[in-house]
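Here is what each chain is made of, one letter per residue.
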Amino acid sequence: MKDLQYILKNIGIGLAVVSLAFIIDLAGYYRVDFMNSARRLFTGDIYSLTYYGVLVLFVIVLWELWNTLNDAMEEKQRFIAFWICFILVIIGYFLPVFGLFKLIGIFFLVAVMLHIAYQQYLLKKK
Amino acid sequence: MKKINKTHLSVAVLLLAVLLFPLITQYKNFVFHTYETKVYQKSVYYGRDDSASVDYYSLVENEKGYQLGKAKVVIKDETFIHEGDEIEMTSLVDDHSFDHVLEKEDLYHYDLDLITGKFLASVRQLTLEIKNKTTGQTLSIPLNPSELNVYTGQNKDFTVKELYVYKNRIQLGSINCANIEQWKKEYENVRIEYRYKKPESTNNDQYVVFYKQVGTLDEMFNHYSTDRIDVKMPEDILLQNLDLSIVIVLEGENDLAFSINLSKVNEVKS
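What you see is a predicted model; the values in this text were computed from it and never measured. (Residues numbered from 1 in each chain as written. Chains lettered and ligands numbered in written order. Predicted model: local features only at pLDDT ≥ 70, side-chain atom pairs only at ≥ 80, totals over all residues. Heavy atoms only, no water.)

Novice: With reference to specific residues and values, describe the overall build of chain B.
Specialist: Each helix and strand counted, chain B has four helices and 22 strands in total. For chain B, the residues scored as buried account for 46% of the 270 residues in total. Long-range pairs, those at least 24 residues apart, make up 62% of the contacts in chain B with a sequence separation of at least 6. By element, 48% of the accessible surface of chain B is carried by carbon and sulfur atoms, the whole surface being about 14,500 Å². (Helix = DSSP H or I, 4+ residues; strand = E, 2+ residues; numbered from the N terminus. Buried < 20%, exposed > 50% of the residue type's maximum accessible area, 1.4 Å probe, protein only. Contact = heavy atoms within 4.5 Å. Areas by Shrake-Rupley, 256 points an atom, 1.4 Å probe, with all protein chains shown as cover.)

Rendered as C-alpha cells:
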C-alpha cells in the first residue's frame, strides 16, 4: 500500500509539472484561456499528446532520481540544495531557451523546493 | 552524506537516458505539430428580414485586426430598388464603419468584397447597411453568427489546418510540411486533390474530387493566409455531412500519393 502511494505521488508530480507547463505555454502561444489550452493539448493531435506523455515519464524518473539523492542527504545538505534550486529558478526564468522546457524546469525545481520545505517542517514537528 | 542507493541511482540515470532519446529525436516533429500554425478566430454571419438577406458574411480576427465581408446579399423588397439605382453597402461593426465594393450579379443579387478593418476589440454588434443613393432609402440588416465547422487532418510529416465548412461552401486552409527541404530533394511538384466520399457509396473508391491545386512544394506548403480559396458547391451538397479528405500526389522520378482524412474539430477561440 505504501509503495502504491509512493508511485501515485510520483505520477501525480510528473503530471502536475508537465501539464501546468504545457497548458501555460500553449495558452501564451495561441492566445487562449486555460481551458481552451488544456483542450488543445489533450484533443489537439496525437503527436503533441505522445510527446507530452514522454515528458511526463521523464519528469517522473527525474523525481525518482531526486528522491534517491534526497534519501542520502543530511539536513544541512538539503538546506544547500534548497538554495541552489532557488538560484536555478531565478536564472532559469531569464534564460532565453524554449518556453516549454524552461517552464517544466522551473516547476520541477519549485516542486523540489516544496518537498525540502515539507521535510524540514515534518522534522521540526517531531 | 548517508550511503546512496547506487542501484536506484543507476536505474534512474539509465531510464533518463532512454527517455531523453525520443525527446531529442522527435523534438522537431513535436514543434511542427504543436506550434506550427496559429488558429485565428473566424466566424460566419447571416441576417435576413422581409426586405433583404445576407449570407456567408465572413469575419476573421488576426493580430492586426479584422477581415470582414465576402458575403452574398439578396434584396427581396422590389420597391427598394429599381433599374439604374446606385446602391452602397456599409458594414457597421460597433463604432466602426466600412464601405464595401460591390459586384452586381443582377438587380437584386450582390457580392460584397473582403476588406480589412484595423481595430482590435471584440465584436459586439454587426450590421450591414444597404443604402439606395438614388432614392435615399436605407435598409439595416443585423447580422448574427452561424455555426461554422472547422476541419483538420494530419500524418507524421503533413498537417492540413483550418478548412472552414459552412453549408455548401468550403474555405481551404493551409497545408504544412515538417521536412520540406528533405521532400524537395526527391519531388519537384505536388498535386493536391480535395474530395468527398459519395454519401450513398459503400465502395472506398467512390470519391468526388471538387478542387485541385498544382504547384511546386514551396508554393503549396507552409503558407498561411486569412484570405483563402473559397470553393462553392452545388446547393444540395452539405459538406458537413460528408466524409472529407485530401490526396497529396508528390511528383518526381517516382510519384508518391497518399490521402489524409479530415475530421471536424472544435475551433480554438480567443
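Novice: Tell me about the sheet that holds strand β11 (residues 138-142) of chain B, residues and numbers included.
Specialist: Either a parallel or an antiparallel arrangement is found when strands of a sheet pair, and the pairing is made through backbone hydrogen bonds. Residue and element names in this part refer to chain B. The four strands lie next to each other as β6-β5-β10-β11, forming an open sheet whose pairing is antiparallel. Since the sheet does not close on itself, it has two edges, and those belong to β6 (96-99) and β11, each with one partner. Across this sheet, the average inter-strand angle for adjacent strands is 20°, counted without regard to direction. Two elements, strand β5 (residues 87-93) and β6, share four bridges in a ladder whose sense is antiparallel. Pairing of L92 across the sheet is with S97, part of β6. (Pairing = 2+ DSSP bridges. Axes fitted to C-alpha atoms, helices over the stretch in contact; angles between N-to-C directions.)

Novice: Mind laying out helix α5 (residues 99-125) of chain A, listing which residues take part and the relevant values?
Specialist: Over its 27 residues, α5(A) runs 39 Å from end to end, which matches the ideal 39 Å to within 8%, given 1.5 Å per residue. Of all the positions in α5(A), only L100(A), I104(A), I106(A), F108(A), L109(A), A111(A), V112(A), M113(A), H115(A), I116(A) and Q119(A) are classed as buried. Residues of α5(A) that are buried sit in contact with α1 (2-30), α3 (46-71) and α4 (75-94) of chain A together with α2 (27-35) of chain B. (Expected span 1.5 Å × (residues − 1).)

Novice: How would you explain the pattern of salt bridges if you had to name every residue and give the values?
Specialist: Residue and element names in this part refer to chain B. One pass over the full model with this rule turns up ten salt bridges over all chains. With its nearest N and O atoms 2.7 Å apart, the salt bridge here joins E105 to K72. One end of the pair, E105, is in the loop between β7 (102-104) and β8 (109-112); the other, K72, is in strand β4 (residues 72-75), and 33 residues separate them in sequence. A salt bridge links R191 to E251; the nearest nitrogen and oxygen atoms lie 3.1 Å apart. Here the residue R191 occupies a position in strand β17 (residues 187-197), and E251 occupies one in strand β20 (residues 244-252), the gap between them amounting to 60 residues. (Salt bridge = Lys/Arg side-chain N within 4 Å of Asp/Glu carboxyl O.)

Novice: I'd like to hear about the nonpolar core, residue by residue, with values.
Specialist: Counting 42 residues, the largest nonpolar core has V18(A), F22(A), L55(A), L100(A) and I104(A) as its most contacted members. Elements with a contribution of two residues or more to this core: α1, α2 (34-43), α3, α4 and α5 of chain A together with α1 (6-25) and α2 of chain B. The biggest single contributor to this core is α3(A), with twelve residues. Excluding residues within four positions of it along the chain, I104(A) makes contact with V17(A), V18(A), A21(A), L55(A) and V59(A). Membership of the second largest hydrophobic core comes to 32 residues, among which are Y151(B), W183(B), V190(B) and I246(B). (Core = buried A, V, L, I, M, F, W, Y, C linked by side-chain atoms within 4.5 Å.)

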